[in-house]
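Listed below, chain by chain, are the residues.
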There are 2 protein chains.
Amino acid sequence: MQKDAKKSLNVVDAKAVELEPLGPFAASKRVHLEDGDVRVPFREVSVCAGQETFRVYDTTGPHFESRSAAELAAGLPKLREDWVNARIARDGENRTQMAYARRGEITAEMRFVALRENMSPEFVRDEIACGRAILPNNMKHPESEPMVIGKNFLVKVNANIGNSLVTSSIAEEVDKLRWSLKWGADTVMDLSTGKNIHETREWIIRNSPVPIGTVPIYQALEKVKGKAEDLNIDVFLETLIEQAEQGVDYFTIHAGVLLRYIPLTRTRTTGIVSRGGSIMAKWCLHHHKENFLYTEFERICEIMKRYDVAFSLGDGLRPGSIADANDRAQFAELETLGELTDIAWKHDIQVMIEGPGHVPMHKIKENVDLQMKICKEAPFYTLGPLVTDIAPGYDHITSAIGAAMIGWFGTAMLCYVTPKEHLGLPNRQDVRDGVVAYKIAAHAADLAKGHPGAQARDNALSKARFEFRWEDQFNLSLDPDKAREFHDETLPAPGAKGAHFCSMCGPQFCSMKITQDLAAYANERGLSEEEAIAKGLDERAGAFREAGGAIYANEASASAEEE
Amino acid sequence: MQKDAKKSLNVVDAKAVELEPLGPFAASKRVHLEDGDVRVPFREVSVCAGQETFRVYDTTGPHFESRSAAELAAGLPKLREDWVNARIARDGENRTQMAYARRGEITAEMRFVALRENMSPEFVRDEIACGRAILPNNMKHPESEPMVIGKNFLVKVNANIGNSLVTSSIAEEVDKLRWSLKWGADTVMDLSTGKNIHETREWIIRNSPVPIGTVPIYQALEKVKGKAEDLNIDVFLETLIEQAEQGVDYFTIHAGVLLRYIPLTRTRTTGIVSRGGSIMAKWCLHHHKENFLYTEFERICEIMKRYDVAFSLGDGLRPGSIADANDRAQFAELETLGELTDIAWKHDIQVMIEGPGHVPMHKIKENVDLQMKICKEAPFYTLGPLVTDIAPGYDHITSAIGAAMIGWFGTAMLCYVTPKEHLGLPNRQDVRDGVVAYKIAAHAADLAKGHPGAQARDNALSKARFEFRWEDQFNLSLDPDKAREFHDETLPAPGAKGAHFCSMCGPQFCSMKITQDLAAYANERGLSEEEAIAKGLDERAGAFREAGGAIYANEASASAEEE
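What comes next concerns the included structure. Here the structure is a predicted model, which means the values were calculated and not measured.

1. A look at the overall build of chain A
Within chain A one finds 22 helices and 13 strands. Burial status across chain A gives 68% buried among its 563 residues. Sequence separation of 24 or more characterises 73% of the internal contacts of chain A that already satisfy a separation of 6 or more. Just so you have it, chain A exposes about 16,900 Å², and 50% of that area is on carbon and sulfur atoms.

Quick look at the structure:
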């Protein structure tokens, strides 16, 4: 495979993809948790003396380092190669992670994600066996680090990259991959539709430590020169094999867009807004035949199974506006996706289900409840949803609102939306804004679900904030660079990082220290809280006066919050 | 009053506050709806021929025009002066909007907001009479346009401005007022704690067409040279009168921070994060006495009533971190706010109740339910809440998530949070980002509540999007300037505004037009949807082929959404 990769990677000018170092986060170092042959990378954030260091899982691979064109062309180390080869050496069994799980076997990949998520390997296996979680890592993508997606694990974030005919080069896309990883993307989809579609994908996969998803119908359409009516199952299967051989980890396949559902979209405000959905609708109408992705689904399964590529069953009829949310077309397709889930599971193929789109808040939960029921808890993977249509330029926000809520309700992975949505192809800054907005949504969902350990980071950061440990507050945050930059806009002097105030309120108002004093008082005397209330306050009032009442001389942060 | 204002306004160098025109929104003009002597301003957005124009209510007053220092010093026209004078001419009745409402009288202010919100004046009156809505417009702020705040009206957004000792000038604050209004703030709070606190407020009030709120304890603290223990009810009442005379429309008063609640905060992660709350806690502890704002609440009421200033009962013990959400301290204070609501209502004084803060998603609804019950549906006015602590630099997003949800659950007004929260004083760009994020949250809440007419803007914008009317899509959005700028980054040519694609997907992939064709087909033949499914598709397949299948030659927008 490496030989093929090399060949592909030489197609474009190698110099064009030389990448500068990303600029590592301050006070962070890469560490590993180990379990035998499994080594799971984390980023360890060091904080002030006396505080515990904090670890977050890390999907960047070696991308914080400088990467020469030669290194990029060689691709990442093949972490999973030995594991895969050992399994291939055995007889002709079904080698999907789901098949192993159902046979009771715990793979190295399962042990990897168990360590990363602080769960037991048995739990991981059982979740995959019953279809409630997937571990989408194509055997032909040995560079990838295992990633588990399921409602009982941390909520994941996908970032979309990819060029279009109008803009973007391979170098830009590899840089966007790396940039997505810096900010915390868990998987990346290459949605390229422009030139060099095969080569772009090859560069991305060979350099991706996270699972890569694609929408194969895009390339199939290129192969028939853009004429949807010329598509057929053979060109599609050929494309699937080509991409599976490259190592794509999950495929979006719009097999639920049935001929009889298409008229249900005719009274919609925004019709069909899925590219894949519209391509298949066009094919169906032209031939007045049923969608060949549906009728030939078993043949597709045979290929998926051979490589252990996971299905991401596409929602080609998802709503593209508030007006179209939760309509008959959308839910009719969902029924078919449930039917297809059963077929895939019969082959022990891993499945997740894609979801909307544009949905007002009060209609979000119904989406999850129906999906859980119809698709028997196969992981839900949603795009936002955007909770209003009226803010182009801010759709990372309109959609982060819906994403946080749908994550709370049980969605396993959130597909990011950037500020450029509806307006243009995202650039580097848009990717950063989109990923961070979605890391916020995913983490908010983990908190609301009561995911074990999720609140530890909030607690660590808030403790740092309360104790005026500015550097720790920055370093523990999702985007330390931004937090530091904002703080330093008004107080750039190094001394301000030790100050008990910031520019919001200035050095005269404060709010936080009093509680520390009160707690110290009660603790010193071994009083219960009630006693402290009943007895201590008289004494306290005296002590407080003696201490000069100086505890408000310093200043906390938070303008709006501190009114 | 104008004489006093002039005097104040001369304190600072007038040249410093000369303001350039704001830059009006494209395709927009100011229009008025009229009902006798009441004229309500709207911004009318013109769209392509054949489409209906769209109106949004407009709070900017004359601020889109250039404002000379002399004009700013003279203040805005006194819209409400005659209404107020006519009522003053009558005998010594209680002149709060609540008192009129309870006596069955519909004021001009009520007719104004009825027109603005498309409700009947009787409904407005009844909501104010029962305390479920407030109309905070001090009789001494005749420049203000009436604004109604209540759960059965559109969700409102407040923007905080104000200087601190460390940064900001009067000119900057007047500019931030104007800038907040451009992006759609419904009320503005002046939280200044720095120099020229009286003069800054005077410039803001005289030039504000929206209600202005303050936290009077800040200025009272300045009067006692920053020593909280030297505060007393006399200096506080003197400050209230000073600010009420200037025309402040609502006061945040932290009368619920009782002595016995303070120890409940001692085990918190972030203690007391409200500035007003911590000032009162300090006073209580120093003297070991009950909060004088609580014990002297009736005397405060006498002043509020005289000017018709509304209470915004402050939540001085709100949580400042996820760890502290919904704790005993917070809910104990809420009980007291309920008690104070009854006292204020006894005087026919309008009341709203402030709320958190930092709350994970699953604990948000409890806040609203309890507030509604304890405070008998007095309007809730919340800060966010932030649904996680881990994203300083992005807290407009972490809090817009919570704000949208709490708005849906019944909160009447959302206090914005800017990206600079926890890090520094917001600048112009931060104000814009904060207000737009909160307009999104408020509108999402209106949609989810099923507020009459709320979806009309989504429908109009989505229809424009579906029909590739790019300019209309921009002009109907919350921030037309940003939408246009993002689009033009990749396709700046004027011709691209008529194109059936953007840079996301390029000109080869498309999704939307097919639905239009299908609808046209069914409509022409007068078929029902079911007939179209059963009968039409055969015919359609032929017609589709004859038409050359060219309907996908053009291209829609939406990269992520169009996979």
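2. Digging into the pattern of salt bridges
Residues and elements named next belong to chain B. Taken as a whole and assessed by the stated rule, the structure comprises 88 salt bridges over all chains. Of the charged contacts, one joins D58 and R30 as a salt bridge, the two residues approaching to 2.6 Å between their closest N and O atoms. Taken together, the residues D58 in the loop between β3 (54–57) and α2 (69–74) and R30 in strand β1 (residues 28–35) connect sequence positions 28 residues apart. Under the relative-accessibility criterion, D58 is labelled buried at 7%.

3. What to know about unusual backbone geometry
Residue and element names in this part refer to chain A. Here the residue pair P356 and G357 is connected by a cis peptide bond, since its omega of 5 degrees sits within 30 degrees of zero. Within the element layout of this structure, G357 appears in the loop between β11 (351–355) and α15 (364–374). For D308, which is not glycine, the phi dihedral falls at a positive 60 degrees. Of note, D308 is situated in the loop between α13 (297–307) and β10 (310–313). Relative accessible area serves as the criterion here: at 1%, D308 is assigned to the buried category.

4. Here's the deal with the pairing of strand β2 (residues 38–45) of chain A
Residue and element names in this part refer to chain A. Most of β2 is tucked away: seven of the eight residues are buried. In this sheet, β2 lies alongside strand β1 (residues 28–35) in antiparallel orientation, the contact comprising eight bridges. Bridging from a neighbouring strand, E34 pairs with R39 of β2. Counting the residues that bridge the hairpin from β1 to β2 gives two residues, and of these G36 lies at a positive phi of roughly 65 degrees.

5. Quick look at the nonpolar core
Counting residues in each nonpolar core, the largest one holds 286 residues, and the members touching the most others are F311 of chain A together with F311 of chain B. When neighbours within four sequence positions are excluded, F311 of chain B is seen to be in contact with F251, I253, F297, I300, C301, M304, A344, I349, Q350, V351 and M352 of chain B.

6. Notes on the sheet that holds β1 of chain A
Residue and element names in this part refer to chain A. Judged by pairing direction, the sheet is antiparallel, and its three strands sit side by side in the order β1-β2-β3 without closing on themselves. If you trace the sheet from one side to the other, it starts and ends with β1 and β3 (54–57), each paired once. Looking at each pair of strands side by side, their axes are set apart by 40 degrees on average, direction ignored.

7. Section: the packing of helix α10 (residues 233–246) of chain B against helix α13 (residues 297–307) of chain B
Packed helix pairs are specified by the crossing angle of their axes together with the interaxial distance, meaning the distance between the axes. Residues and elements named next belong to chain B. In contact at an axis separation of 10 Å, α10 and α13 are set at 10 degrees when each is read in the N-to-C sense. The angle between α10 and α13 falls in the class roughly parallel. Each of I233, D234, F236, L237, L240, I241, A244 and E245 in α10 lies in contact with α13, whose residues at this interface are R299, I300, I303 and Y307.

8. Comments concerning α15 of chain A
One turn of an α-helix holds 3.6 residues; hence residues three or four places apart share an orientation. All names here are of chain A. Those residues of α15 that sit buried are I364, N367, V368, Q371, M372 and I374. Packing partners of the buried residues in α15 comprise α14 (328–346), β11, β12 (380–383) and α16 (395–408). Taken from the residues just after α15, K376 is the one with a positive phi, measuring 50 degrees.

9. Quick notes on the pairing of strand β12 (residues 380–383) of chain B
For a regular strand, side-chain orientation follows a simple rule: the groups alternate between the two sheet faces. Residues and elements named next belong to chain B. Of the two faces of β12, the one lined by F380 and T382 and the one lined by Y381 and L383 are each fully buried. In this sheet, β12 lies alongside strand β11 (residues 351–355) in parallel orientation, the contact comprising three bridges. Bridging across to β12, E354 finds its partner in Y381. The handedness of the β11 to β12 crossover, carried by helix α15 (residues 364–374), is right-handed. Pairing analysis gives three bridges linking β12 to strand β13 (residues 413–415), with the strands arranged parallel. Bridged to T382 within β13 is L414.

How each quantity is defined
Residues numbered from 1 in each chain as written. Chains lettered and ligands numbered in written order. Predicted model: local features only at pLDDT ≥ 70, side-chain atom pairs only at ≥ 80, totals over all residues. Heavy atoms only, no water. Helix = DSSP H or I, 4+ residues; strand = E, 2+ residues; numbered from the N terminus. Buried < 20%, exposed > 50% of the residue type's maximum accessible area, 1.4 Å probe, protein only. Contact = heavy atoms within 4.5 Å. Areas by Shrake-Rupley, 256 points an atom, 1.4 Å probe, with all protein chains shown as cover. Salt bridge = Lys/Arg side-chain N within 4 Å of Asp/Glu carboxyl O. Pairing = 2+ DSSP bridges. Core = buried A, V, L, I, M, F, W, Y, C linked by side-chain atoms within 4.5 Å. Axes fitted to C-alpha atoms, helices over the stretch in contact; angles between N-to-C directions. Parallel < 35°, antiparallel > 145°, perpendicular 65-115°, else oblique. Right-handed = clockwise from strand over helix to strand, strands pointing away.

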